[in-house]
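The primary structure of each chain is shown beneath.
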Amino acid sequence: MVKRLPVTVITGFLGAGKTTLLRQLLQRSGQRLAVMVNEFGSVGLDGDLIRSCGFCPEDEVEGRLVELNNGCLCCTVQDDFLPTMQRLLQRADQLDGIVVETSGLALPRPLLQALDWPEIRNQVHVNGVVTLVDGEALAAGSPVADREALERQRQEDPSLDHITAIDELFQDQLQAADLVLISRADRLQPDQLTALLGELEPKVRRGTALLPVAKGEIDTAVVL
């Protein structure tokens, strides 16, 4: 019987806390995870932060951490996502799961559709989509803290084939989510957090959990 690896997709805007969460998962889950990081425009910073967290022996890092910097992953699924997933699946017997950290511009649905492609669908199953929301920024009126940085990332990406308004992209991230984590919740007053939960609840699918987190700290079993 072929082992089907669980794939967890972590999405959210630039600066929402995706890499902080990912480091927590790698360090605390006790699972042998492979990681795919889509970090176009961030000059390898996310990959360096993950590589330095000591989540696996040094001689395994190259096989378990893949940095995709050719552009927004949902726009390069055939060129980047599929062959990378196939390469990771060659080591399936040495892994407990795969985590994909998207760029701040990615639409989650194309990745989910790609996981159902005939080449890999019998080897993986979607564990879930986790959307990070910057609670501090949203409470201040915007789903992204630094719109200029996000726009620079958009302009620097030659492969980007969707020009999606920030609010629409945010709605797509929420609608695709199985779990929404509200980051920087420790910087919010109780009434702000209550208002935020009330704002987000109608925008997610029924049954989607909304959990406040601080510094990426969460029971890893909830995510994985």
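Rules used throughout
Residues numbered from 1 in each chain as written. Predicted model: local features only at pLDDT ≥ 70, side-chain atom pairs only at ≥ 80, totals over all residues. Heavy atoms only, no water. Helix = DSSP H or I, 4+ residues; strand = E, 2+ residues; numbered from the N terminus. Buried < 20%, exposed > 50% of the residue type's maximum accessible area, 1.4 Å probe, protein only. Contact = heavy atoms within 4.5 Å. Areas by Shrake-Rupley, 256 points an atom, 1.4 Å probe, with all protein chains shown as cover. pLDDT = per-residue confidence, 0-100. Salt bridge = Lys/Arg side-chain N within 4 Å of Asp/Glu carboxyl O. Core = buried A, V, L, I, M, F, W, Y, C linked by side-chain atoms within 4.5 Å. Pairing = 2+ DSSP bridges. Axes fitted to C-alpha atoms, helices over the stretch in contact; angles between N-to-C directions.

Here the focus is the overall build of the protein chain. Assigned secondary structure in the protein chain consists of 10 helices and seven strands. Every one of the 224 residues in the protein chain was classed for burial, and the buried ones make up 54%. Here the contacts in the protein chain between residues at least 6 apart in sequence split such that 80% fall between residues at least 24 apart. By element, 46% of the accessible surface of the protein chain is carried by carbon and sulfur atoms, the whole surface being about 10,500 Å².

Our focus in this paragraph is the confidence of the model for the protein chain. Looking at the protein chain as a whole, the pLDDT averages 83, with 78% of positions reaching at least 70. Across residues 41-45, confidence stays below pLDDT 50; counting only partners more than four residues off in sequence or on other chains, it has four contacts.

Here we take up the pattern of salt bridges. Applying the stated criterion across every chain, the model contains five salt bridges. Lys203 is paired through a salt bridge with Glu199; the nearest N and O atoms lie 3.7 Å apart. Owing to a relative accessible area of 27%, Lys203 belongs among the partly exposed residues under this scheme. With relative accessibility at 33%, the residue Glu199 sits in the partly exposed group.

A separate point is the nonpolar core. For soluble globular proteins, nonpolar side chains are generally found buried alongside one another. One finds Phe81, Met85, Ile98 and Val100 to be the most contacted residues of the largest nonpolar core, which totals 23 residues. At the level of elements, β1 (5-12), β2 (33-38), β3 (65-68), α4 (77-89), β4 (97-101), α5 (108-114) and β5 (124-134) are the ones that each hand at least two residues to this core. Of the residues forming this core, the biggest block, five residues, is contributed by α4. Membership of the second largest hydrophobic core comes to 20 residues, among which are Phe13, Leu107, Ile166 and Val204.

A sheet is described by the order of its strands in space; here seven strands give the open sequence β3-β2-β4-β1-β5-β6-β7, paired in parallel fashion. Either end of the sheet is taken by a strand with one partner, and the two such strands are β3 and β7 (209-212). Taking each pair of neighbouring strands and ignoring which way they run, the sheet shows an average axis angle of 20 degrees. Relative to β4, β1 runs parallel, the two being bridged by four bridges. Looking at the pairing, Val9 lines up with Val100 of β4. Sitting on the sheet, helix α8 (residues 166-176) is in contact with β1, β5 and β6 (179-183), with an inclination near 135 degrees to β5.

Moving on, we get to the environment of Gln24. The residue Gln24 is located in helix α1 (residues 18-28) in this model. In the structure, Gln24 is positioned 193 residues away from Glu217 in sequence and 6.7 Å away in space, judged by C-alpha atoms. Ignoring anything within four residues of it in the chain, the contact list for Gln24 reads Ser29, Lys215, Gly216, Glu217 and Thr220.

Here we take up the side chain of Thr84. Within the secondary structure layout, Thr84 lies in helix α4. Overall, Thr84 belongs to the buried group, its relative accessible area being 4%. Non-local contacts of Thr84, meaning those with residues more than four positions away in its chain, are made with Met36, Val66 and Leu68.

By the secondary structure assignment, Thr220 is in helix α10 (residues 220-223). The buried category is assigned to Thr220, whose relative accessible area is 12%. Between the C-alpha atoms of Thr220 and Gly30, which are 190 residues apart in sequence, the distance is 9.2 Å. Excluding residues within four positions of it along the chain, Thr220 makes contact with Gln24, Leu25, Arg28 and Ser29.

Right, let's talk about α1 for a bit. Within the sequence span of α1, burial applies to Lys18, Thr19, Leu21, Leu22, Gln24, Leu25 and Leu26. Within two residues after α1, Gly30 carries a phi angle of roughly 75 degrees, on the positive side.

Once that is clear, we can look at the pairing of β4. By the criterion of burial, β4 is predominantly enclosed, with five of the five residues buried. Residues of β4 alternate between two faces, with Gly97, Val99 and Glu101 on one and Ile98 and Val100 on the opposite face, all of them buried. Strand direction decides the pairing type here: β2 and β4, joined by five bridges, are parallel. Bridge assignment links Met36 to a residue of β4, and that residue is Val100.

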